[in-house]
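The residues making up each chain are set out below.
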There are 2 protein chains.
Amino acid sequence: MNELNIGLFGFGTVGTGIYTVLERIRNAHASIKRICVRSLDRKRPVSLPEGILTDNPDDILNDPEIDLVVEVIDNADAAFRIVSSALRRGIPVVSGNKAMIARHLPELIYLQRTHGTALLYDASACGSIPVIRNLEEYYDNDLLLEVKGILNGSSNYILSRVFDHGESYADALEKARRLGFAEADPSFDIKGFDSLFKLVIITIHAIGVYVNPDDVLACGIDSISDFDIRYAREKGTKIKLVAQVVKLDNSRFTLFVMPEFVAPGKYIYNVDDEYNGVVIRGECYDRQFMFGKGAGSLPTASSILSDVTARHHNYRYKYNKMSYDGLPEYTDDVSLRVYLRHPKPELPHGIVFDKVSESYVSDLGCYTVGDISLAALRANKALLDDPDVFICNFPRFFLDLD
Amino acid sequence: MNELNIGLFGFGTVGTGIYTVLERIRNAHASIKRICVRSLDRKRPVSLPEGILTDNPDDILNDPEIDLVVEVIDNADAAFRIVSSALRRGIPVVSGNKAMIARHLPELIYLQRTHGTALLYDASACGSIPVIRNLEEYYDNDLLLEVKGILNGSSNYILSRVFDHGESYADALEKARRLGFAEADPSFDIKGFDSLFKLVIITIHAIGVYVNPDDVLACGIDSISDFDIRYAREKGTKIKLVAQVVKLDNSRFTLFVMPEFVAPGKYIYNVDDEYNGVVIRGECYDRQFMFGKGAGSLPTASSILSDVTARHHNYRYKYNKMSYDGLPEYTDDVSLRVYLRHPKPELPHGIVFDKVSESYVSDLGCYTVGDISLAALRANKALLDDPDVFICNFPRFFLDLD
C-alpha cells in the first residue's frame, strides 16, 4: 500500500498537532502534501517546507495526487463546503468537525454512498477514545442499551477545577482556554453544544437513527453557581456534564445533554480534568467503560491520525444499523428527576413539574427538585437558558448500576 | 449480505451463551446450523432443535453450507486441529481459545494468508473488551508505549474476594468456579497462564512481534498468603495479577505476568471482581483505559458474537505492524523491583538480587524486597513455583503516571 498524500485544511491547534505527530512516526502511512489556511501571513509555531501552505482550497481539491482530505478547521459552514466538495470529487475525508457532521450527517452519508467514497470522524466524537468505530463495529447488535458519558474535555476540565480545586468558574475557563482545551468559542463547550453534537454522532452509530441536534435538549454548565456546587457537595456528589442516549424499550429511545449529580462509585465520577469517559451498556456484556484524553492538540491529532491509518486500510463506516428492521424512535416523552435553581421563590413561569419532592427558598437561592418530562423542559428551553437558572439531572436510568 | 451459517464447536458455558444470545438478537447476522460436541448424551441446559448436535467434526468441516466455524472448546490441541483444518479448507474461524492461539499464532497467521481466509479472536484476549481490534486498527502507529492490565477475570475475582471481602483463598476459588468464572483447570487462571496467553496475543497486535509464551515469565497468585496480603495492606495497596508489555526504547520491549502492588489512584486499582481493565499508553494520546467484564458466559459469548459480526462484514486482522521497519526486540534484560516471600531467612538458593533494599525475617514469614533482573527470575522459575514462595512486582515503568 502506498503512502497517502494528505491535503490538510486548517493549521490551528489540531492541525499543528497532526503535523508534529506525523513527523514523529517512523512507519507513517501518510504525509502532508498541502495545507490550506485562511491567511498565509500568520506566524506558525512550527517551521514548514516552502510552498506547502496555500489559501486556495482548489489547490488541494483539484490536485489529482491528493488522495485524502483532512479537515480540522473551526468554521462549520466552511468545513461543510470543503468536505462535501471533496466527497463529490470522490476524495475520502477525515474530519474532526462535530458541529458540521452532526448537522449534515444524512447528507454526508448520502454523498459517501453516491460517490463511492468515505468520511471518517472518530476524532470528532471523543478525543482519543475510539467510540464511533467500536459502536460501529464491535457493538453492532441489538443488545446495546445505553451510551452515556462525559464527552467534552473542556467543560469537564472547568468543572474539575471548580469542584475539586475550589477555583472560580472564570479562572477555570481562562485556564482551559490557555491550555488549548477550549474551542475558539467557549460557549460551544460550556453550553453543551459540543457534547450535543458528539451525542448525535454517537447515536447514529449506536442506535442507527439520526436525530437532528435542534430536536435534542442540551443544557450547559455556564450558569453553575457556588450555591449549586454546595448542594452537590452536601449530597456527596460531583456535578458533571453528561450526554446520554438510552433505549427505553424495543421501540423507543431518548437522548439529552445535561449537568448531572454523579455519585462516587459511578465510573464517570473519577473522569476528571480534560478526560472523557464513556460507559457503553449492553444486555449481555453489561458495562464497558472507555476513558481517555478528550481535549488537547496531540490527543486529538493522534485520533485524527488513527482515522488516516484506517483510510490507508480502506476502512469506511457502513452505518449497518440504519438498515435494521424495527429501529426504535426518538421520544422526549420521558420523566426526569431534576434539580432546578431559580432566582425567585416561585418557579419560572411556564415550568410545571409533574411532582415536586423538594422545594427550598432562601436569601441565597431557591431550588426545586422533582419530576418533569423531557418534553416540558424542551418546550421551555429559553427559560432554562436564563443565567440565573441552573438545571441538573439526577440519574434515573439503570439507577443501581452505572 | 446473507446470514452466516455457523458451525459451532463446543457447547459448554460459552457455547451455551452464544446460542442464548443469538436467540435474543432480533437483527442477527448469523444462525447456528450445527453444533459439534464431545458427547451426545450429556444433558444440555437449553433445548435444541433435533439433529443440530453431532460428535463428528467432519459434519461441520465438510458441510459446504457452513461459512463460519466458531470454536469454543476447552482442549487446546483439539481446538488447533479443528481451527487449522477449517482454515485449510478456506473456512473462516472465530475462536476464543487463548492457549491454542498464543502457542500457534505464527502458523495460524500463515494459514490465514496462504488459504485467503480469516481467524478472529478478539474474544480470546479480554472477555468483552475489544482490545485486539483496537490495537490492530486504532493504535496502528509507532507511538504505542505500553499495554498493561488485568486480563484474567477469574483470578481477579478471587483476589477481590480475598482482599476486599476477607474471604479465604479456597472459598474464593470455589465461588469463582461455581459462578462459571474459572476455567475447567483453575491453575490456568491462578498460575497466570491465561494472562500470559492473552498477553502474547496482545503483544503481536500491539508491537508486531510474536513471542513464544515459553519465553515469558508468568507468575501467578496461587501461593498468596495472609502474610502477603497484610504486607500489601500496610503499604496501602491491593495485589492484582497484572500482565504488561512495555517498550523500553525504540529497539527493545519486554513483557511479563506477575502479581503487582497496585496503589489507589491507578486505573486498575478499581478493577474488581470478574472485571478486566486494560491501560494503553501512547506518546500522544497518553493513557487510554478500557474496562469491562472479563469472564462469564454471556460477556464472552457477546464478544464472540462481535467477531461473528465482524466476519459478516468480511473483517480480518491484517497484522500490519509485523511488516514495519525496525521492529523492537524482546528482552528480559531489564531490572524489576520485587517483593519475594520465602520460607527460610536466607533467599532460595540460586536467586540473587542485584540490590536488596528491605529484608525481613520473623516466625510468621520472611521476605526480601529489591532489584533483580527479569532474566534472573526466568532462570529460576522453578524456585518461584515453590508453594511457599510468593513474588509481587512494584511498578517501575512510567511510575508517576499509571
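Shown above is the structure to which this text applies.
Treat the numbers as computed from the prediction; the structure is a model and nothing was measured.

Caption draft 1: Local environment of the relation of the copies chain B and chain A. Turning chain B through 180° and shifting it by 0.0 Å along the axis lays it on chain A, with an RMSD of 0.0 Å. Read as a symmetry element, the transformation amounts to a two-fold axis. When each C-alpha of chain B is compared by its distance to the rotation axis, Met290 of chain B comes out closest, at 2.3 Å. Comparing interface residues between copies, 100% of those in chain B also lie at the interface in chain A; the contact surface is shared.

Caption draft 2: Quick look at the packing of helix 3 (residues 76–88) of chain A against helix 4 (residues 98–114) of chain A. Residues and elements named next belong to chain A. Running from N to C, helix 3 and helix 4 point in directions that differ by 15°, and their axes come no closer than 11 Å. The angle between helix 3 and helix 4 places the two elements in the roughly parallel class. Judged by the twist between their axes, the crossing of helix 3 over helix 4 is right-handed. Between helix 3 and helix 4, the contacting residues are Ala76, Ala79, Phe80, Val83, Ser84, Leu87 and Arg88 on the first element and Ala99, Met100, His104, Glu107, Leu108, Leu111 and Gln112 on the second. Of the residues contributing to the contact of helix 3 with helix 4, the split by class is nine nonpolar, three polar and two charged.

Caption draft 3: Summary view of the pairing of strand 10 (residues 275–282) of chain B. Residue and element names in this part refer to chain B. Most of strand 10 is tucked away, with eight of its eight residues classed as buried. Residues Tyr275, Gly277, Val279 and Arg281 of strand 10 are buried on one face, and the alternating residues Asn276, Val278, Ile280 and Gly282, pointing to the opposite face, are buried as well. Bridge count between strand 7 (residues 144–150) and strand 10: six bridges; the pairing is antiparallel. Across the sheet, residue Ile150 finds its bridge partner in strand 10, namely Gly277. Across eight bridges, the pairing between strand 10 and strand 11 (residues 286–293) is antiparallel.

Caption draft 4: Expanded view of the interface of chain B and chain A. Opposite the 48 residues of chain B that make contact, chain A presents 48 residues. Both faces combined, the contact of chain B with chain A buries some 4300 Å², and carbon together with sulfur accounts for 46% of it. Per-residue buried area on chain B facing chain A is highest for Arg26, Tyr138 and Cys284 of chain B; these three make up 16% of the total on that side. Our enumeration of links across chain B and chain A arrives at two salt bridges.

Caption draft 5: Representation of unusual backbone geometry. Residue and element names in this part refer to chain A. A positive phi angle, near 50°, is found at Asp273, a position not held by glycine. If you trace the backbone, Asp273 turns up in the loop between strand 9 (252–262) and strand 10 (275–282). The phi dihedral of Tyr319 falls on the positive side, at around 50°, and the residue is not glycine. Along the chain, Tyr319 turns up in the loop between helix 11 (297–312) and strand 12 (329–330). The exposure class assigned to Tyr319 is buried, which follows from its relative accessible area of 5%.

Caption draft 6: Representation of the sheet that holds strand 6 (residues 119–120) of chain B. Residue and element names in this part refer to chain B. One open sheet holds the six strands; their spatial order is 3-2-1-4-5-6, and the pairing between them is parallel. Two strands lie at the open edges of the sheet, namely strand 3 (53–54) and strand 6, each paired on one side alone. In terms of strand pairing, strand 2 (residues 30–36) meets strand 3 through two bridges, oriented parallel. Bridged to Ile35 within strand 3 is Leu53.

Caption draft 7: Summary view of the pattern of salt bridges. What the rule picks out here adds up to 48 salt bridges over all chains. Of the charged contacts, one joins Glu274 of chain A and Lys293 of chain A as a salt bridge, the two residues approaching to 3.8 Å between their closest N and O atoms. Separated by 19 residues along the polypeptide, Glu274 of chain A in the loop between strand 9 and strand 10 and Lys293 of chain A in strand 11 (residues 286–293) bring together distant segments of the chain. This pair shows no difference in class: Glu274 of chain A is buried, exactly as Lys293 of chain A is. A salt bridge links Asp63 of chain B to Lys33 of chain B; its shortest N-O distance comes to 2.8 Å. In this pair, Asp63 of chain B sits in the loop between helix 2 (58–61) and strand 4 (68–71) while Lys33 of chain B sits in strand 2, placing the two residues 30 residues apart along the sequence.

Caption draft 8: Region of the structure containing the state of the cysteines. Residue and element names in this part refer to chain B. Going through the model one piece at a time under the given rule, you end up with zero disulfides over all chains. Looking at the unpaired Cys366, the closest cysteine sulfur is the one in Cys392, lying at 17 Å. With relative accessibility at 3%, the residue Cys366 sits in the buried group.

Rules used in this analysis
- Residues numbered from 1 in each chain as written.
- Chains lettered and ligands numbered in written order.
- Predicted model: local features only at pLDDT ≥ 70, side-chain atom pairs only at ≥ 80, totals over all residues.
- Heavy atoms only, no water.
- Least-squares fit on C-alpha atoms with pLDDT ≥ 70 in both.
- Contact = heavy atoms within 4.5 Å.
- Axes fitted to C-alpha atoms, helices over the stretch in contact; angles between N-to-C directions.
- Helix = DSSP H or I, 4+ residues; strand = E, 2+ residues; numbered from the N terminus.
- Parallel < 35°, antiparallel > 145°, perpendicular 65-115°, else oblique.
- Left-handed = near helix turned anticlockwise from the far one by under 90°.
- Nonpolar A, V, L, I, M, F, W, Y, C, P; charged D, E, K, R; others polar.
- Buried < 20%, exposed > 50% of the residue type's maximum accessible area, 1.4 Å probe, protein only.
- Pairing = 2+ DSSP bridges.
- Buried area = accessible area lost by both parts, 1.4 Å probe.
- Salt bridge = Lys/Arg side-chain N within 4 Å of Asp/Glu carboxyl O.
- Disulfide = S-S within 2.5 Å.

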